[in-house]
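Here is how the chains run, residue by residue.
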Amino acid sequence: MSKGAIMTVTTNPSKTNAAHAADIPVSKANVRDCLDSARYWVLLLPAYANDKQRTADRWAIAAGLLAAVTSLTVWATLEESTSNWARAAVAIFSLATAVCALFPRVKNYGEMAGHARELSARYGQILGDLFNLWDHPSALSTPAAHEVITAFDAVKAAKDANLRDLPLKPLGTVPRDANGVALWPLNVYRIAKRGGSIGAAE
């Protein structure tokens, strides 16, 4: 390189931003927000999973019953009948059987129930790590704190990507424990599903 030549350095903005973000200490308020959210989903997701599983089971039972009815020998007799109502009845029951078998597959109720149970467990693991950060503020500036927040964001992203029909969080003032972390009621899913408010009479 000749004298006076200007040397340029090419940097990757995304890596630079990521490195800069890792240098920023995690705030106590950020940890509390994550704790509030993790506690909420740890309580809500198992109830959500059970609800979706019950829905999938009801559709499966309905499909099985309709299939049993349409397979009875009486329907073979009706199909041979020249009566329009008899043929219409066979067609309607056959269509209803197909719909009951197809609908839960399209809506993925059983699959969402499985995802919800898995995510609830992952939120539970993150909850412990978040409480460790909450109890040890000196660790907020360490790389481990960023790893915990990154893991929390990954679980949240998986929830948003895999679960549908999640109720909105209920309104109202959420009570907090001695550490200042939200104490969601045990029946928070029922409250959220009904569109109720925290503290309102159920």
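Computed from a prediction, not measured in an experiment: that's the story for all the values here. (Residues numbered from 1 in each chain as written. Predicted model: local features only at pLDDT ≥ 70, side-chain atom pairs only at ≥ 80, totals over all residues. Heavy atoms only, no water.)

Q: Please clarify how the confidence of the model for the protein should be interpreted in this entry.
A: Note: predicted coordinates in regions of low pLDDT should not be interpreted at a detailed level. Per-residue confidence for the protein gives a mean pLDDT of 79, with 67% of residues at or over 70. The low-confidence segment residues 1-21, where pLDDT is below 50, has 3 contacts with residues more than four positions distant or belonging to other chains. (pLDDT = per-residue confidence, 0-100. Contact = heavy atoms within 4.5 Å.)

Q: Help me out: how do you make sense of the pattern of salt bridges in this one?
A: Side-chain pairs of opposite charge can arise whenever the charged atoms involved come near each other. Tallying each qualifying case throughout the model produces 6 salt bridges. Here Arg-39 makes a salt bridge to Asp-177, at a shortest N to O gap of 3.1 Å. Of the two residues, Arg-39 sits in helix α2 (residues 28-70) while Asp-177 sits in the loop between α6 (143-162) and α7 (188-193), which places them 138 residues apart along the sequence. Linking Asp-51 and Lys-193 is a salt bridge whose minimum nitrogen-to-oxygen distance equals 2.7 Å. Pair noted here: Asp-51 is in helix α2 and Lys-193 is in helix α7, with a separation of 142 residues, a long-range link. Among the residues examined, Asp-51 registers a relative accessible area of 9% and is labelled buried. Each of the salt bridges in this network shares a partner with another, and the network as a whole consists of Lys-156, Lys-159 and Asp-160. (Salt bridge = Lys/Arg side-chain N within 4 Å of Asp/Glu carboxyl O. Helix = DSSP H or I, 4+ residues; strand = E, 2+ residues; numbered from the N terminus. Buried < 20%, exposed > 50% of the residue type's maximum accessible area, 1.4 Å probe, protein only.)

Q: Would you take a moment to explain the packing of aromatic side chains for this structure?
A: In this structure the tally under the stated criterion is 4 aromatic pairs. Residues Tyr-40 and Trp-41 carry aromatic rings whose centres are separated by 4.8 Å and whose planes lie at 80° to one another, so their mutual orientation is edge-to-face. Ring geometry for Tyr-48 and Tyr-189: centres 6.3 Å apart, planes at 85°, overall edge-to-face. Of the two residues, Tyr-48 sits in helix α2 while Tyr-189 sits in helix α7, which places them 141 residues apart along the sequence. The cationic tip of Lys-28 hangs over the ring face of Trp-134; the distance from NZ or CZ to the ring centre is 4.4 Å. (Phe/Tyr/Trp six-rings, centres within 6.5 Å; stacked < 30°, edge-to-face > 60°. Lys NZ or Arg CZ within 6 Å of the ring centre and 35° of its normal.)

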